[in-house]
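An overview of the molecular structure
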Amino acid sequence: MFAIATEQRQYITYLLSDQATNSHLEIVPERGGIVTSWQVQGQELLYLDAERFANPELTVRGGIPILFPICGNLPNNTYNNNGQTYTLKQHGFARDLPWQVTEQETQDLASLTLVLQSNEQTLAAYPFQFQVAFTYKLQGHTLEIHQRFENRSNEPMPFSVGLHPYFVTSDKTQLQFDIPATDLLDQRSQAVESFSNQFDFERDEIDVAFRELSHRSASASDRSQGVHLTLSYESPYSTVVFWTVKGKEFYCLEPWTAGRNALNTGNRLTQLAPGATLDTTVQLTAKFL
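Residues numbered from 1 in each chain as written. Predicted model: local features only at pLDDT ≥ 70, side-chain atom pairs only at ≥ 80, totals over all residues. Heavy atoms only, no water.

**Describing the side chain of Thr-36**
Inspection of the secondary structure assignment puts Thr-36 in strand 4 (residues 34–40). Apart from the residues within four sequence positions on either side, Thr-36 is in contact with Glu-26, Val-28, Leu-46, Leu-48, Phe-53 and Gly-63. (Helix = DSSP H or I, 4+ residues; strand = E, 2+ residues; numbered from the N terminus. Contact = heavy atoms within 4.5 Å.)

Following this line, the structure appears as structure tokens:
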């Protein structure tokens with residue numbers, strides 16, 4: 001049996017559930033359409049910094065923030081379009097703005113659709129009319145996130161999109177990865193290094209991008225949590241980013257369609273034609289060890 005309920009907390013929170021597998025999903029539309037909790041068989045899979053979440057002046061560190069219309073940051077937070085300079089902060093504005101709930105379904109799954117539309121605030125930073133819809137689908141051990149992007153401008157709309165899931169872990173030495181790449185880009189030093197599915201967790205911070213992927217999924221096994229997580233992604237997703245900070249009980253395995261500064265370089269940037277629509281999907285699946 002599938003169900004959707006709401007609770008009035010600091011923000012209205014939507015609670016999706018699949019009772020057969022004791023799976024639950026919590027979504028806060030007003031706080032950037034973010035997923036704040038994903039439980040399978042009653043086990044929490046996501047990390048959330050509750051203090052940062054409670055402060056609307058701070059970006060959320062935890063859950064699954066939405067990155068749009070850029071992933072990462074721009075030099076000096078600026079880019080040029082048609083001879084004009086615009087300011088756009090790291091990861092864009094979608095994770096900071098309220099989204100609107102437009103559809104709910106509980107027939108064969110628990111599904112919630114949220115929509116973000118361009119407005120005066122977005123147009124000041126990003127001069128394109130758009131509509132973005134995210135549909136979160138909970139069924140069994142799987143969370144599917146379907147995305148639809150619509151360009152309502154009369155010129156091509158450049159963008160990248162990403163998800164920034166924070167997975168909870170109690171012991172990073174118990175993590176094993178299967179990332180389909182042999183090289184990585186260190187996003188701090190810009191050095192390209194070989195990769196053998198191992199990370200040095202003694203480093204204060206790890207922030208790396210995998211840009212040459214041999215297939216459309218990556219996974220992580222966490223023996224401390226007893227769970228194996230698989231991340232699958234469709235085109236135009238082209239990059240997987242790994243990020244973690246020493247001493248924090250999380251790691252991030254993030255699908256991006258393009259890397260940092262793509263709005264300036266054009267590298268892997270999506271250009272959506274006027275009036276066109278793009279659909280894509282990211283899927284997360286949990287398996288217990």
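What follows picks up the thread again.
**Some words on the pattern of salt bridges**
Counted by the stated rule, this structure contains 11 salt bridges. Its salt-bridge partner being Lys-137, residue Glu-144 comes within 3.9 Å of it at the nearest N-O pair. Given a relative accessible area of 23%, Glu-144 falls into the partly exposed group. Of the residues examined, Lys-137 reaches a relative accessible area of 27% and is grouped as partly exposed. Two residues, Asp-186 and Arg-203, come together in a salt bridge whose shortest N-O distance is 3.1 Å. Here Asp-186 is found in strand 17 (residues 183–186), whereas its partner Arg-203 is found in the loop between strand 18 (192–194) and strand 19 (205–210), with 17 residues between them in sequence. Of the residues examined, Asp-186 reaches a relative accessible area of 5% and is grouped as buried. Members of the salt-bridge network, linked through shared partners, are Glu-7, Arg-9 and Glu-26. (Salt bridge = Lys/Arg side-chain N within 4 Å of Asp/Glu carboxyl O. Buried < 20%, exposed > 50% of the residue type's maximum accessible area, 1.4 Å probe, protein only.)

**Digging into the packing of aromatic side chains**
What the rule picks out here adds up to 31 aromatic pairs. A centroid spacing of 5.4 Å and a plane angle of 75° characterise the contact between Trp-99 and Phe-134, whose relative ring orientation is edge-to-face. In this pair, Trp-99 sits in the loop between strand 8 (84–87) and strand 9 (100–105) while Phe-134 sits in strand 11 (residues 130–139), placing the two residues 35 residues apart along the sequence. The same class applies to Trp-99 as to Phe-134, namely buried. Pairwise contacts between aromatic rings join Phe-68, Phe-93, Trp-99, Tyr-126, Phe-128, Phe-130, Phe-134, Tyr-136, Phe-149 and Phe-159 into one cluster. Here Lys-172 stacks its cationic end above the ring of Phe-250, 6.0 Å away from the centre of that ring. (Phe/Tyr/Trp six-rings, centres within 6.5 Å; stacked < 30°, edge-to-face > 60°. Lys NZ or Arg CZ within 6 Å of the ring centre and 35° of its normal.)

**Describing the environment of Gln-147**
Relative to the elements of secondary structure, Gln-147 occurs in strand 12 (residues 142–151). In this structure Gln-147 comes out as buried when scored by relative accessible area, which is 0%. Linking Gln-147 and Leu-114, residues 33 residues apart in sequence, is a C-alpha distance of 9.7 Å. If near-sequence neighbours (up to four positions away) are discounted, Gln-147 is found in contact with Ala-133, Phe-134, Val-161, Leu-163, Tyr-237, Leu-278, Asp-279, Thr-280, Thr-281 and Val-282. For Gln-147, the side chain forms a polar contact with the main-chain oxygen of Ile-145, separated by 3.1 Å. (Polar contact = N/O pair within 3.5 Å; in protein donor to acceptor, adjacent residues only side chain to side chain.)

**Structural notes on the nonpolar core**
Formed by 73 residues in total, the largest nonpolar core has its most connected members in Trp-38, Phe-134, Tyr-136, Phe-199 and Phe-242. Top element by residues in this core is strand 11. It accounts for five residues. Residues within four places of Phe-199 in sequence aside, it is in contact with Phe-177, Ile-179, Ile-206, Val-208, Phe-210 and Phe-242. Ranked by size, the runner-up nonpolar core spans six residues in total, among them Tyr-47, Tyr-166, Val-245 and Cys-252. (Core = buried A, V, L, I, M, F, W, Y, C linked by side-chain atoms within 4.5 Å.)

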